[in-house]
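Structural description and commentary
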Amino acid sequence: MAFVAATRCSFGRSRVRLSLSDTAVRLLRGLVEEGDVASAVLELAAYEAIVPVANRSILTQAGLLSDLGRRDEALAAYRRAAVSLPRDPTVHSQLGGQLFQRRLFDDASKAFETVVRLTPQDPFAHENVAVSYLNAGRSQQAIDAYLEIVDAGFANPTTYDMLSHAYENAGDHERALEHIEIAIDFDPSNPEIRAHYRNLT
């Protein structure tokens, strides 16, 4: 089942005031991109030792830690950022993405629910809540969330495909088939949707 991209804001566009200088961030990211992770780890450790961490820099450091493969530290930093910046949807979206990738779907859904409250017109936020419910095995909540997306006019072929999965998981084969047929009508060439359709028929 595909994860709908949770972290739409890239590192470069994130609304974060850096405590690390822009030059330092570029250096660290350059080292990571060149594959020199060991040097990047040493450089980050040096900056962490001399630069105080302001609230709005935590997200930047979390992103760097994630890039460096320091997943536990990155998740802890994302959690701190969410506490420090409770009304920043970017923070909660990126926290949700980290939790989802770790298969902590209930926790991910809570982070994405916060994003929906902060940005109710963001269709990606609604999709992320719904797919978290679905992966957590909360089929009825997933159905309700996907139906809200449809009612709001945010639906796309993937929405109907995922809604079909939710009905299938809930044991409602008839509605599962109904919604995969809608997805096929929207995007008849999509291989994942076609495979799902074949499995249901």
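Read on for a plain summary of the structure.

The rules behind the values
Residues numbered from 1 in each chain as written. Predicted model: local features only at pLDDT ≥ 70, side-chain atom pairs only at ≥ 80, totals over all residues. Heavy atoms only, no water. Axes fitted to C-alpha atoms, helices over the stretch in contact; angles between N-to-C directions. Helix = DSSP H or I, 4+ residues; strand = E, 2+ residues; numbered from the N terminus. Parallel < 35°, antiparallel > 145°, perpendicular 65-115°, else oblique. Left-handed = near helix turned anticlockwise from the far one by under 90°. Contact = heavy atoms within 4.5 Å. Nonpolar A, V, L, I, M, F, W, Y, C, P; charged D, E, K, R; others polar. Buried < 20%, exposed > 50% of the residue type's maximum accessible area, 1.4 Å probe, protein only.

Quick look at the packing of helix α7 (residues 123-135) against helix α8 (residues 139-151)
- Their axes nearest at 8 Å, the elements α7 and α8 cross at an angle of 160°. Classed by the angle they form, the pair α7 and α8 counts as roughly antiparallel. Along this stretch, α7 crosses α8, giving a crossing that reads as left-handed. When α7 is examined against α8, the residues H126, E127, A130, V131, Y133 and L134 are found in contact with a partner set consisting of Q141, A142, A145, Y146 and I149.
- Here the residues of the contact of α7 with α8 sort into eight nonpolar, two polar and one charged.

Examining the side chain of T114
- Secondary-structure assignment places T114 in helix α6 (residues 105-118).
- Exposure remark for T114: the relative accessible area of 15% places this residue in the buried category.
- Apart from residues no more than four positions distant in its own chain, T114 is found in contact with P86 and H92.

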